Amino acid sequence: MFFGKQGPDPSQPRPDWPWTLSEGGDVLQSFTWETIERGLTELYPDNDSFLILEQKDPKDDKRYWYIQSAIALQGPNKDDYIVGVGWSGETGPVLKERCYHKKDLDTVIDMFRQAFRRRPLDLAGYEDFF
């Protein structure tokens, strides 16, 4: 039998990939945790109001991981936070999403904090988007 080394879990942030931050379309290469937290607290219901914390493999830009958030504009979760976690899967892109009540901003912030610190995220309750 062959016992190979398992690679990192693709659904989790990578310890060795650099971060970029997109705030409403503006891409930042240099930022602090406070920038991320402020961006999350300032989200409002609009197509141009979103935050994406993203990593790309420096050796292969087709491999990536990200966490994103915005405010739902319609549907049963209108005005709630949508948090999505995505990565490059083996057979195509993967995106899992979950809605958080607008009173649960602290939970949304904590998900981003865990990701930024490159700690494992609990994706229980997240549903496949695709």
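Calculation criteria
- Residues numbered from 1 in each chain as written.
- Predicted model: local features only at pLDDT ≥ 70, side-chain atom pairs only at ≥ 80, totals over all residues.
- Heavy atoms only, no water.
- Helix = DSSP H or I, 4+ residues; strand = E, 2+ residues; numbered from the N terminus.
- Rg over C-alpha atoms; globule rule 2.2 N^0.38 Å.
- Buried < 20%, exposed > 50% of the residue type's maximum accessible area, 1.4 Å probe, protein only.
- Contact = heavy atoms within 4.5 Å.
- Areas by Shrake-Rupley, 256 points an atom, 1.4 Å probe, with all protein chains shown as cover.
- Axes fitted to C-alpha atoms, helices over the stretch in contact; angles between N-to-C directions.
- Parallel < 35°, antiparallel > 145°, perpendicular 65-115°, else oblique.
- Left-handed = near helix turned anticlockwise from the far one by under 90°.
- Nonpolar A, V, L, I, M, F, W, Y, C, P; charged D, E, K, R; others polar.
- Core = buried A, V, L, I, M, F, W, Y, C linked by side-chain atoms within 4.5 Å.
- Pairing = 2+ DSSP bridges.

Tell me about the overall build of the protein, and name the residues and values.
The helix and strand inventory of the protein stands at two helices and seven strands. Along the protein, from the amino end to the carboxyl end, the secondary structure elements read β-β-α-β-β-β-β-α-β. For the protein, the C-alpha radius of gyration of 15 Å lies close to 14 Å, the compact-globule estimate for 130 residues. In terms of overall dimensions, the protein has a C-alpha envelope of 50 × 35 × 25 Å along the principal axes. Expressed as a percentage of the 130 residues in the protein, the buried residues total 36%. Pairs at least 24 residues apart make up 53% of the contacts formed inside the protein by residues separated by at least 6 positions. As presented, the protein carries roughly 8300 Å² of accessible surface, and 48% of it is formed by carbon and sulfur atoms.

Report on the packing of helix 1 (residues 33-41) against helix 2 (residues 105-116), specifying residues and quantitative values.
In contact at an axis separation of 10 Å, helix 1 and helix 2 are set at 150° when each is read in the N-to-C sense. Taken as axis vectors, helix 1 and helix 2 run roughly antiparallel relative to one another. Considering how the two elements wind past one another, helix 1 and helix 2 form a crossing that is right-handed. Packed against helix 1, whose contacting residues are Trp33, Ile36, Glu37, Leu40 and Thr41, the element helix 2 presents Leu105, Val108, Ile109, Phe112, Arg113 and Phe116 at the interface. Here the contact of helix 1 with helix 2 is composed, by residue class, of eight nonpolar, one polar and two charged.

Tell me about the environment of Glu54, and please be specific about residues and values.
Looking at the secondary structure, you find Glu54 in strand 3 (residues 50-57). In the structure, Glu54 is positioned 37 residues away from Trp17 in sequence and 9.3 Å away in space, judged by C-alpha atoms.

Tell me what's going on with the nonpolar core, and back it up with residues and numbers.
Core analysis: the biggest nonpolar cluster contains 27 residues, and Ile36, Trp65, Ile67 and Phe112 have the highest contact counts within it. The element best represented in this core is helix 2, accounting for six residues. If sequence neighbours within four positions are ignored, Ile36 has contacts with Leu21, Phe31, Leu51, Leu53, Phe112 and Phe116.

Break down the pairing of strand 6 (residues 93-100) for me, with residues and values.
Every other side chain in a regular strand lies on the same face of the sheet, so the side chains alternate between the two faces. For strand 5 (residues 81-88) and strand 6, the ladder comprises eight bridges, and the chain directions are antiparallel. From the neighbouring strand, Tyr81 faces strand 6, where its bridge partner is Tyr100. What sits between strand 5 and strand 6 in their antiparallel hairpin is a turn of four residues, with Gly92 showing a positive phi close to 145°. Pairing analysis gives two bridges linking strand 6 to strand 7 (residues 127-128), with the strands arranged antiparallel. Bridging across to strand 7, Lys96 finds its partner in Asp128.

Give a description of the environment of Gln29 that names residues and reports values.
Inspection of the secondary structure assignment puts Gln29 in the loop between strand 2 (26-28) and helix 1. Gln29 sits 17 residues away from Gln12 along the chain, and the two C-alpha atoms are 20 Å apart. Gln29 has contacts with Trp19 and Thr20, leaving out every residue within four places of it along the chain.

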